[in-house]
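Chain by chain, the residues:
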Amino acid sequence: MTKSGPQKYPGASTVYWHQGRYGGTPMEVNVGCLHTTEGTTVPTYAGGASAPNFTALPDFRAKKLKWYQHFDFDMSSRALRNLSGGVQTNTLNVVQIELVGTCDLAHRIGWNGAKAGVNYLYWPDAPDWALKELAKFVRWAHDHHGVRMETSVHFKAYPSSYGNNGVRLSGSQWTRYLGWLGHQHVPEQDHGDPGDLEIAKVLAFAKGTADSEELDMDKKQVFDAIWDQDKAPAPDKSPTKATNPTWTPLNMVREIYNRLIEIGERLDAIEKKVDQ
């Protein structure tokens with residue numbers, strides 16, 4: 001089969017190129033399969049023996065995914081198990097992407113002293129910047145290779161996605177499948193990655209229909225944007241409303257607090273007079 005369209009993803013590094021050693025079968029990709037590496041660095045893949053087509057490594061400082069390419073886009077890779085006598089897996093028109101990080105709920109907060117979202121990604125909680133970076137690949141695969149920007153399977157949370165999980169496709173379903181799925185959906189496998197990755201959001205970003213956007217702000221900037229903006233209407237009873245028509249929400253809360261304290265002190269004073 002003749003490969004068509006661009007075979008290298010723009011910007012992807014080929015420093016870990018394995019096609020020269022392991023060859024592969026040319027194909028016309030119509031399915032994308034997502035994995036998680038269950039680690040924090042780019043795996044060696046046993047020298048390429050179990051490598052996917054691509055590995056995406058989060059760069060937290062740049063808020064980008066660094067892409068490594070191991071095989072051509074339309075060349076079979078080696079990240080799926082393929083049992084004798086069953087359906088074809090690696091060679092059945094599927095491009096495979098390993099996302100560096102984890103889908104294991106046990107590592108949602110921390111992992112061996114590392115912190116999720118800082119040192120590695122727990123992909124079911126991936127920030128929008130990471131999902132958008134993945135969506136760029138999905139869009140490129142669609143525009144240049146016709147891979148559908150859709151999914152018809154449920155991405156189940158790990159560990160319930162492991163083994164006989166209720167979402168794994170049969171052989172006939174797999175051979176007819178088009179679009180995006182995960183390792184947890186492919187027959188002849190038992191892995192449950194990439195867990196409950198927000199695939200709907202990824203596809204919405206790829207299509208340009210997502211209505212959510214992550215704020216590129218730290219906690220102090222978020223606090224200041226909410227509490228320190230001088231835009232809240234001044235209270236009607238404020239003696240300075242004419243000259244100071246807007247307050248910051250922070251000052252308004254302070255004023256309420258101070259007034260409540262003052263009222264409490266006056267009530268205490270009245271109570272003392274009544275008791276005398």
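To start, this report covers the structure provided alongside it.

### A closer look at the overall build of the protein chain
No. 1: Scanning the protein chain from N- to C-terminus turns up 7 helices and 9 strands.
No. 2: Taking 19 Å as the expected radius of gyration for a compact globule of 276 residues, we find that the protein chain reaches 27 Å, considerably beyond that expectation.
No. 3: Dimensions of the protein chain along its principal axes, counting C-alpha atoms only, are 95 × 40 × 35 Å.
No. 4: The 276 residues of the protein chain split such that 42% are buried.
No. 5: In the protein chain, once contacts between residues fewer than 6 apart in sequence are set aside, the share between residues at least 24 apart is 67%.
No. 6: Carbon together with sulfur atoms contributes 53% to the accessible area of the protein chain, which is approximately 15,000 Å² in total.

### Focus on a negative patch on the surface
No. 1: A cluster of acidic residues, Glu265, Asp268, Glu271 and Asp275, forms a negative patch on the protein surface.
No. 2: Residue position: Asp275 is located in helix α7 (residues 249-275).
No. 3: With relative accessibility at 61%, the residue Asp275 sits in the exposed group.

### Observations regarding a nonpolar patch on the surface
No. 1: A surface patch of nonpolar side chains, about 610 Å² in accessible area, is lined by Ile256, Leu260, Ile263, Leu267, Ile270 and Val274.
No. 2: When you line up the elements, Ile270 lands in helix α7.
No. 3: Judged by relative accessible area, which is 52%, Ile270 ranks as exposed.

Criteria and thresholds
- Residues numbered from 1 in each chain as written.
- Predicted model: local features only at pLDDT ≥ 70, side-chain atom pairs only at ≥ 80, totals over all residues.
- Heavy atoms only, no water.
- Helix = DSSP H or I, 4+ residues; strand = E, 2+ residues; numbered from the N terminus.
- Rg over C-alpha atoms; globule rule 2.2 N^0.38 Å.
- Buried < 20%, exposed > 50% of the residue type's maximum accessible area, 1.4 Å probe, protein only.
- Contact = heavy atoms within 4.5 Å.
- Areas by Shrake-Rupley, 256 points an atom, 1.4 Å probe, with all protein chains shown as cover.
- Patch = residues over 30% accessible without salt bridge, like charges linked within 9 Å, V, L, I, M, F, W, Y side chains within 5 Å.
- Salt bridge = Lys/Arg side-chain N within 4 Å of Asp/Glu carboxyl O.
- Lys, Arg positive; Asp, Glu negative; His and termini not counted.
- Charge placed at Lys NZ, Arg CZ, Asp CG, Glu CD.

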